[in-house]
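Now for the letters of each chain:
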Amino acid sequence: DKGNYKHFMAKEIHEQPEVLGHTLSRYFDYTTKRARVEGADQLKFKDLSRLIITACGTAYLAGLVSKYWFEKYARLPVEIDIASEFRYRETPVSDKDTALVISQSGETADTLASLRYCKTNGATIGAIVNVPESTIAREADRVFQTIAGPEIGVASTKAFTCQLAVLAGLALQAGRERGVLTPEREQELVAELIEVPSLALKALARESDIEKLAHPLSKASNALYLGRATNFPLALEGALKLKELSYIHAEGYAAGELKHGPIALIDENMPVFVIAPFDAIYEKTVSNMQEVAARGGRIVLITDERGASECGNAAENTVILPDMSDIVAPIIYALPVQLIAYHTAVFMGTDVDQPRNLAKSVTVE
Ligand code: M6R
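Note that the structure is predicted; figures quoted are calculated from it, not measured.

1. Side note on the overall build of the protein
Step number 1: The number of helices and strands found in the protein is 14 helices and 12 strands.
Step number 2: Its C-alpha atoms give the protein a radius of gyration of 20 Å, within 12% of the compact-globule value 21 Å for 365 residues.
Step number 3: For the protein, the C-alpha atoms occupy an extent of roughly 55 × 45 × 45 Å along the three principal directions.
Step number 4: When the 365 residues of the protein are sorted by exposure, 57% land in the buried category.
Step number 5: For the protein, the accessible surface area stands at approximately 14400 Å², while carbon and sulfur atoms represent 49% of it.
Step number 6: Placing the 38 positive and 48 negative side-chain charges of the protein at their respective mean positions leaves the two points 2 Å apart.

2. A closer look at the nonpolar core
Step number 1: Residues Phe45, Trp69, Phe70, Leu170, Leu172 and Leu193 are the most contacted members of the largest nonpolar core, which totals 91 residues.
Step number 2: The element that contributes the greatest number of residues to this core is helix H14 (residues 329–348), accounting for 12 residues.
Step number 3: Not counting residues up to four positions away in its chain, the partners in contact with Phe70 are Phe45, Leu51, Ile53, Arg75, Leu76, Val78, Leu100, Leu167, Leu170, Ala171 and Ala174.
Step number 4: Counting 19 residues, the second largest nonpolar core, distinct from the first, contains Leu226, Leu258, Val286 and Ile299.

3. Some points on unusual backbone geometry
Step number 1: Although it is not a glycine, Lys33 sits at a positive phi angle of roughly 55°.
Step number 2: Looking at the element boundaries, Lys33 is found in the loop between strand E1 (28–29) and strand E2 (34–35).
Step number 3: Its identity as a non-glycine residue notwithstanding, Lys44 has a phi of 55°, on the positive side.

4. Description of the sheet that holds strand E4 (residues 78–82)
Step number 1: The five strands are arranged E4-E3-E5-E6-E7 in an open sheet whose pairing can be described as parallel. In this open sheet, the two strands that pair with only one neighbour each are E4 and strand E7 (142–145). Ignoring which end each strand starts from, the neighbouring axes of this sheet average 20° apart.
Step number 2: Examined bridge by bridge, strand E5 (residues 98–103) and strand E6 (residues 124–129) share six bridges and lie parallel to one another. Across the sheet, residue Leu100 finds its bridge partner in E6, namely Gly126.
Step number 3: This element, helix H3 (residues 57–74), spans strand E3 (51–55), E4 and E5 of the sheet and lies at about 170° to E4.

5. Points about helix H7 (residues 158–177)
Step number 1: Between the first and last C-alpha of H7 there are 29 Å, a value that for 20 residues agrees with the 28 Å anticipated at 1.5 Å per step.
Step number 2: Along H7, 18 of the 20 residues are buried, which leaves the element largely enclosed by surrounding structure.
Step number 3: Just past H7, the residue Gly179 takes up positive phi, approximately 70°.

6. With respect to the site of the ligand
Step number 1: Near the ligand you find 13 residues, and of these Ser103, Gln104, Ser105, Thr108 and Glu244 are the closest.
Step number 2: Between the ligand and Ser105, the relevant distance is 2.7 Å, taken from an oxygen atom to a side-chain nitrogen or oxygen of the residue.
Step number 3: A distance of 2.9 Å separates an oxygen atom of the ligand from a polar atom in the backbone of Ser156.
Step number 4: Sorting the residues of the shell around the ligand by element identifies H3 and helix H11 (231–246) as the ones contributing at least two each.
Step number 5: For the shell around the ligand, the per-class residue count stands at four nonpolar, seven polar and two charged.

7. Some details on H3
Step number 1: Its 18 residues give H3 an end-to-end C-alpha distance of 25 Å, which sits within 8% of 26 Å, the value for a rise of 1.5 Å per residue.
Step number 2: Where burial is concerned, most of H3 is hidden: 13 out of the 18 residues are buried.
Step number 3: Downstream of H3 by one or two residues, Arg75 has phi in the positive range, about 50°.

8. A look at the pattern of salt bridges
Step number 1: The final tally for this structure, using the stated rule, is 22 salt bridges.
Step number 2: Arg36 is the partner of Asp29 in a salt bridge, and the nearest nitrogen-oxygen pair spans 3.9 Å.
Step number 3: Of the charged contacts, one joins Glu186 and Arg34 as a salt bridge, the two residues approaching to 3.0 Å between their closest N and O atoms. A residue pair is termed long-range when its members are at least 10 positions apart, and Glu186 in helix H8 (residues 183–194) and Arg34 in strand E2 qualify at 152 residues.
Step number 4: A residue is classified by how much of its surface remains accessible, and Arg34, at 23% relative accessible area, is partly exposed.
Step number 5: Put simply, Arg50, Glu79, Asp81, Arg89 and Asp97 are held in one network by salt bridges that share partners.

Parameters and conventions
- Residues numbered from 1 in each chain as written.
- Predicted model: local features only at pLDDT ≥ 70, side-chain atom pairs only at ≥ 80, totals over all residues.
- Heavy atoms only, no water.
- Helix = DSSP H or I, 4+ residues; strand = E, 2+ residues; numbered from the N terminus.
- Rg over C-alpha atoms; globule rule 2.2 N^0.38 Å.
- Buried < 20%, exposed > 50% of the residue type's maximum accessible area, 1.4 Å probe, protein only.
- Areas by Shrake-Rupley, 256 points an atom, 1.4 Å probe, with all protein chains shown as cover.
- Lys, Arg positive; Asp, Glu negative; His and termini not counted.
- Charge placed at Lys NZ, Arg CZ, Asp CG, Glu CD.
- Core = buried A, V, L, I, M, F, W, Y, C linked by side-chain atoms within 4.5 Å.
- Contact = heavy atoms within 4.5 Å.
- Pairing = 2+ DSSP bridges.
- Axes fitted to C-alpha atoms, helices over the stretch in contact; angles between N-to-C directions.
- Expected span 1.5 Å × (residues − 1).
- Near = heavy atom within 4 Å.
- Polar contact = N/O pair within 3.5 Å; in protein donor to acceptor, adjacent residues only side chain to side chain.
- Nonpolar A, V, L, I, M, F, W, Y, C, P; charged D, E, K, R; others polar.
- Salt bridge = Lys/Arg side-chain N within 4 Å of Asp/Glu carboxyl O.

Right under this line is the structure:
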C-alpha cells in the first residue's frame, strides 16, 4: 500500500525518520548512550587484524561508508569489495577472519556466494539484512537486522540508511571492544546518532527545493557527483540512483580524483552535484568545486549554512541541510541524494518503482 504517496519509493524515502528510529533503538541504548549490539561479541572485533565486508550495489556503498567509521572509531582496517569481484578473487580468508555481508533482500546471488566462500574458509559471518527469513540470514553465524520494514521500490532507500545505522552501532561497539573509544567519546557519538530521526525530518523538509532541480537536470545527458571521505560513497550512491531511475548517465567520483581524468568532461552542459557539509575536509572539496566552476560546470552544492556561505559564488544552486556531526552526516545527506533522483525520474516520467531492466532482488549472477 502506497498510502498517500504516488510511488513506493516516495513512501519509503519519507518513512526514514521512523524506521531509522526503530533501527537505532535496536542497536543503541538511549539511557546509557552506548552502542548495544547483541551478538557483536561473536564477530571477535577485539582480535581482528582486519574486517572483510562484501555486498552489491547500494548495500556495498553502505559498507564503504562504514569503512571510514571502523577505521576511524575502532582503528580496525576494513577490506571491502563488491561481492561479484570478491567471490572470484581467491583472496586468502581463514578462521581468524570475520566477514560482514550486507543485503536488503538477503537473496543476492553474489553476496550469498561471498558469504559461502568466507564460511568454507573458516571465517565467522555477520550479516546485515532486512529480511530475517532470507537465505543470507539463515546461513550467517549472526544476523543484525535492519528494521526498515518491507522495501518495495527497486531503488534501495530506507534499507540503505538503516544499514548505515546498524553499521554505526557495530563500529562504535568495535571501538569500545578494541579500547579505542573512551566511554565519554562513545556517549558523545551516540548522543549525536540519537538525533538522526529528527535531522532526517528536517532534511525531508527541503524536498521542494530539491524538486526544482529536476527540470534542469532532466535535460542533461550526463551528471557528475563529487564528495570526499564518507561523502565519496554518497557520490557513488547519487550517481547510481540517478542512473537506475532516470536513465541519465551519471558518475560518482572522489573529489580528489577530479583532476586525474573526469575534469575533462566538464562544460556548461554538465551538472555537478557536490556533497560537502562544512567539515574538516570541506576546504579541499571547495577547491575542487572552484575548478569545476572555472570550466563552466553547473554546480549543485549539498551542504549546510556555513558551507553555503563559504563557497563563494561557485555554486549555481544549493541544498541547505541543518548542521550535524560527522558521524550522522552520511545518513542524513543520503536523503537529498535520493530525492534528486526520485524527482528527476518523476519529472521524466520513467517507471520509478520498477525501472527498466532491473529486479528488486538479483538472485542470478
Ligand atoms: O538486496 P540487496 O541489498 O543485496 O541488493 C543489492 C543491490 O542489488 C541493490 O542495492 C541495488 O543496487 C539497488 N537497486 C540500488 O538502488
